[in-house]
Amino acid sequence: MALQSTPNHTQTVAGWAAHDSSGKIVPFIFKRRENGVNDVTIKVMYCGICHTDLHHVKNDWGITMYPVVPGHEITGVITKVGSNVKNFKIGNRVGVGCLAASCLECEFCKNSQENYCDQIQFTYNGIFWDGSITYGGYSNMLVADHRYVVRVPDNLRMDAAAPLLCAGITVFSPMKDCQLLDSPGKKVGIVDLGGLGHVAVKMAKAFGHHVTVISTSPSKEIEAKQRLGADWFIVSTDDEQMQRGKRTLDVILDTVSAHHSLGPILELLKVNGTLAVVGAPSRPMELPSFPLIFGKRAVRGSMTGSMEETQEMMDVCGKLNITCDIELIQPDQINEALDRLARNDVRYRFVIDIAGNSKL
């Protein structure tokens, strides 16, 4: 990656970090760069807790650079604007998601697919252009290149909008790729009803589709249908229900982050159906050949979305009034929240009240 000169890291910032694979989060004082000509400085108001945060603090993927300051579902208010920045001003309500930097030169960067740049660097646990390790949104202030910042629509609550920056775009992007935004009436399946799954149900319903939730937990049926508006519910451990569901769905989004087989899920797809995988289990998933071959089915992956897509997603959510169902916590509750997240004990996303405000 070509180095770009950025000012020295002279700003003292208070945040929360994990220092080893125990994953315990403790207060952490560190330095951020001065606001550069292409940067905006953001007072962090809220930050969602993503399953990726859990993987990183515990080094599940073997790539964590400690100390790690997690957080890539960030909403806040701009307090400073670099001289080259024309599209933001002080006081704007903005969001920062997973992306912090890319090469800006490859075919993907030039075609608004910078999330697939092979030099992509993330909002935390990445290496920025100046060689520094990136620190995320579990902190009271962030400096971000304006090209990786989006506006938050005025009608969306900043706390409930925060998880849209990762969970929201992660499910929106494959829905767009599968032509679900402007062709209503499809049969869409959502596997798992967690942070990603619950917002996927909301989006799919808002886009005019018949939505089936597929879950191992029978207890989630009532909330799937009554709270989130799902049309149908399949208990994936019930052979009879899975049999009845065979060849009924056009598209399935698999949001599961635990190890599982894709075989039974593929059987629920119609011939020519598509399974989009957005969960990231730490062990390889099982992909039997027969359900793939005998149904002419496709399995595809999707990794967050581009900045252009992320802004589109935020605007769509503003227009349709889609936000995440959240549990707001204080910074001293982060460890408890991570423990609960590991047990899937959250409806449906923890959001940290970084600035000590509520419902801005």
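Residues numbered from 1 in each chain as written. Predicted model: local features only at pLDDT ≥ 70, side-chain atom pairs only at ≥ 80, totals over all residues. Heavy atoms only, no water.

Focus on the UniProt feature "domain: Enoyl reductase (ER)" (unreviewed entry) in the protein chain
Definition in use: UniProt positions are given in the numbering used here, feature names are shortened, and annotations may be inferred rather than shown by experiment. In this text, helices come from DSSP runs of H or I with a minimum length of four residues, and strands from runs of E with a minimum of two, each type numbered from the N-terminal end.
As recorded in UniProt, the sites labelled "domain: Enoyl reductase (ER)" (unreviewed entry) are residues 18–352. The distance from the first to the last C-alpha atom of residues 18–352 is 16 Å, and the span holds 25% helix and 26% strand.

As for unusual backbone geometry
What counts is decided by this rule: Buried means the residue's accessible area, taken with a 1.4 Å probe over protein chains only, is under 20% of the maximum for its type, while exposed means over 50%, and partly exposed covers the values in between.
Put simply, Y66 and P67 share a cis peptide bond, and its omega is -5 degrees. Here P67 shows up in the loop between helix 1 (51–57) and strand 4 (74–81). Geometrically, the link from R347 to Y348 is a cis peptide bond, its omega value of -10 degrees lying close to zero. Notably, R247 is not glycine yet its phi reads approximately 55 degrees, a positive angle. According to the relative accessible area criterion, R247 is partly exposed, its value standing at 48%.

A short note on helix 11 (residues 334–342)
Convention followed: Here, the arc refers to the directions that run from the helix axis to the C-beta atoms. A contact between two residues is defined here by any heavy atoms of the two lying within 4.5 Å.
Those residues of helix 11 that fall on the buried side of the exposure criterion are I334, A337, L338, R340 and L341. Viewed end-on, helix 11 has its buried residues packed into an arc of 165 degrees, placing them on one side of the element. Structurally, helix 11 contributes buried residues whose contacts are with strand 1 (9–18), strand 2 (25–33), helix 1, strand 16 (326–329) and strand 17 (349–353).

Digging into the packing of helix 4 (residues 167–177) against helix 10 (residues 307–320)
Between two packed helices, both the angle of their axes relative to each other and the distance between the axes serve to describe the pair. The cut-off we apply is this: The angle between two axes is taken between their N-to-C directions and runs from 0 to 180 degrees, where each axis is a line fitted to C-alpha atoms and a helix contributes only its stretch in contact. An angle below 35 degrees is read as roughly parallel, one above 145 as roughly antiparallel, one from 65 to 115 as roughly perpendicular, and any other as oblique. Think of it as three bins: nonpolar holds Ala, Val, Leu, Ile, Met, Phe, Trp, Tyr, Cys and Pro, charged holds Asp, Glu, Lys and Arg, and polar takes everything else, Gly as well.
It is at 10 Å that the axes of helix 4 and helix 10 come closest, and there the two elements cross at 100 degrees. Here helix 4 lies roughly perpendicular to helix 10, going by the angle between them. Taken together, the residues of helix 10 that come into contact with helix 4 (itself represented by G168, I169, F172, S173, K176 and D177) are E309, T310, E312, M313 and V316. Of the residues in the contact of helix 4 with helix 10, the class split is 4 nonpolar, 3 polar and 4 charged.

Some remarks on the environment of S261
Our working rule: Two N or O atoms form a polar contact when they lie within 3.5 Å of each other; inside protein one atom must be a possible hydrogen donor and the other a possible acceptor, and for residues adjacent in sequence the pair counts only when both atoms belong to side chains.
Of note, S261 is situated in the loop between strand 13 (249–254) and helix 8 (263–266). C-alpha of S261 to C-alpha of P284: the two residues are 23 residues apart in sequence and 9.2 Å apart in space. When sequence neighbours within four positions are dropped, the list of residues in contact with S261 reads E286 and P288. Among the polar contacts made by the side chain of S261, one reaches the main-chain amide nitrogen of G263 at a distance of 3.2 Å.

Some points on a nonpolar patch on the surface
Filter applied, for reference: To count toward a patch, a residue needs a relative accessible area above 30% and no salt bridge. Like charges then connect within 9 Å, nonpolar side chains (Val, Leu, Ile, Met, Phe, Trp, Tyr) within 5 Å. Residue exposure ignores everything except the shown protein chains as possible cover, and the areas themselves are Shrake-Rupley values with a 1.4 Å probe. By convention in these notes, a salt bridge is any Lys or Arg side-chain nitrogen within 4 Å of a carboxyl oxygen on Asp or Glu.
On the surface, F290, I293 and F294 cluster together into a nonpolar patch covering about 400 Å² of accessible area. Relative to the helices and strands, F294 resides in the loop between helix 9 (289–293) and strand 15 (298–301). According to the relative accessible area criterion, F294 is exposed, its value standing at 60%.

Quick word on the nonpolar core
Rules: Joining through side-chain atoms within 4.5 Å is the link that ties buried Ala, Val, Leu, Ile, Met, Phe, Trp, Tyr and Cys residues into a set, and such a set is a nonpolar core.
Counting 59 residues, the largest nonpolar core has L164, M175 and M203 as its most contacted members. Sort the elements by how many residues they give to this core and helix 5 (residues 195–206) lands first, with 6 residues. Judged by nonpolar contacts, the second largest core, of 39 residues, contains V44, V57, V68 and F350.

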